Amino acid sequence: MIISTELETLIATTSPSKLAGNVRNNPAIMAEIENSIGDTITEKLYNHVTESKLTPCQHGNNHVFKSFNQGYTFCGNAAKCKCAADAIRDNI
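Values in this document were obtained by computation on a predicted structure and should not be read as measured data.

**Student:** I'm lost on helix H5 (residues 82–91) in this one. Help?
**Tutor:** Residues separated by three or four positions in an α-helix point in the same direction, a consequence of the helix having 3.6 residues per turn. Here H5 has its buried residues at Cys 83, Ala 84 and Asp 86. Buried positions in H5, seen along its axis, are confined to an arc of 160° and lie on one side of it.

**Student:** Where do I start with the packing of aromatic side chains in this structure?
**Tutor:** With the rule as written, the count across this model stands at four aromatic pairs. Relative to Tyr 72, the ring of Phe 65 has its centre 5.2 Å away and its plane inclined at 70°; by these criteria the two rings are edge-to-face. We classify Phe 65 as buried; its relative accessible area is 18%. By relative accessible area, Tyr 72 is classed as partly exposed at 21%.

**Student:** Got a minute to help me understand helix H2 (residues 16–24) in this structure?
**Tutor:** Within the span of H2, buried status applies to Leu 19, Ala 20 and Val 23. On an axial view of H2, the arc spanned by its buried residues comes to 85°, and they lie on one face. The outward face of H2, more than 90 degrees from its buried face, is lined by the exposed residues Ser 17 and Lys 18. Summarising the contacts, the buried residues of H2 are in contact with helix H1 (5–13), helix H3 (27–33) and helix H4 (41–50).

**Student:** Please explain the nonpolar core as it appears in this structure.
**Tutor:** Within soluble globular proteins, side chains that are nonpolar generally end up buried alongside one another. By size, the foremost hydrophobic cluster in this structure holds twelve residues: Leu 7, Leu 10, Leu 19, Ala 20, Val 23, Ile 29, Ile 33, Ile 41, Leu 45, Tyr 46, Phe 65 and Phe 68. Only H1, H2, H3 and H4 provide two or more residues apiece to this core. Leaving out residues up to four positions away in the same chain, Leu 7 has contacts with Ile 29, Glu 32, Leu 45, His 48 and Val 49.

**Student:** Help me understand the pairing of strand E1 (residues 64–67) in this model?
**Tutor:** Look at any regular strand and the pattern is simple: side chains alternate between the two faces of the sheet. Examined bridge by bridge, E1 and strand E2 (residues 71–73) share three bridges and lie antiparallel to one another. What sits directly across from Phe 65, in E2, is Tyr 72. Counting the residues between successive antiparallel strands, the hairpin from E1 to E2 contains three residues.

**Student:** Looking at this model, I keep getting lost on the packing of H2 against H4. Mind explaining?
**Tutor:** Two quantities define a packed helix pair, namely the angle between the helix axes and the distance between the axes. At a minimum axis distance of 9 Å, the contact between H2 and H4 shows a crossing angle of 90°. Between H2 and H4, the angle falls in the class roughly perpendicular. Taken together, the residues of H4 that come into contact with H2 (itself represented by Leu 19, Ala 20, Val 23 and Arg 24) are Ile 41, Thr 42 and Leu 45.

Cut-offs applied
Sequence positions are assigned chain by chain, starting from 1 and proceeding in written order. Given that the model is predicted, a residue must reach a pLDDT of at least 70 before its local features are reported, and side-chain atom pairs must reach 80 or more before they are shown or counted; all residues, however, enter totals for whole chains, interfaces and linings. To obtain the side-chain values, all non-hydrogen atoms of the structure were used and water was disregarded. Classification of residues uses two cut-offs on accessible area relative to the type maximum, computed with a 1.4 Å probe and protein chains only: under 20% is buried, over 50% is exposed, and between them is partly exposed. Helix numbering and strand numbering both begin at the N terminus, where a helix is a DSSP run of H or I of at least 4 residues and a strand a DSSP run of E of at least 2. Throughout, the arc means that of the directions going from the helix axis to the C-beta atoms. To pair, rings of Phe, Tyr and Trp, with the six-membered ring standing in for Trp, must have centres within 6.5 Å; the planes then decide the type, stacked if under 30 degrees apart, edge-to-face if over 60, and tilted in the middle. For this analysis, residues touch if any pair of their heavy atoms sits within 4.5 Å. By nonpolar core is meant a set of buried Ala, Val, Leu, Ile, Met, Phe, Trp, Tyr and Cys residues that side-chain atoms within 4.5 Å join together. Any two strands between which DSSP finds at least two bridges are classified as paired. Here an angle of 0 to 180 degrees is reported between the N-to-C directions of two axes, which are lines fitted to C-alpha atoms, with helices fitted over the stretch in contact. Roughly parallel means an angle under 35 degrees; roughly antiparallel means over 145; roughly perpendicular covers 65 to 115; every other angle is labelled oblique.

So, to be careful, I would describe these as geometric facts and stop short of saying anything about function.
Listed below in structure tokens is the structure:
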């Protein structure tokens, strides 16, 4: 997918906390990301830029979108999410 120069510049010059507001105020970029997958502007922007495909975890649960910088994380905390518990166990 081709990302506009205007979008690249906006991402490079805007802090993550202000990114969604700046995108919302730019009709050209909103039109560019409107068909991307996601519930929030930040999630749509992340999926547009990274060309992410939403796939369930190995246990069939949906991953949770954390932030533009972090992307998707586990489907819950280690007490509720088997894949998070497995990742913690593998890192010990």
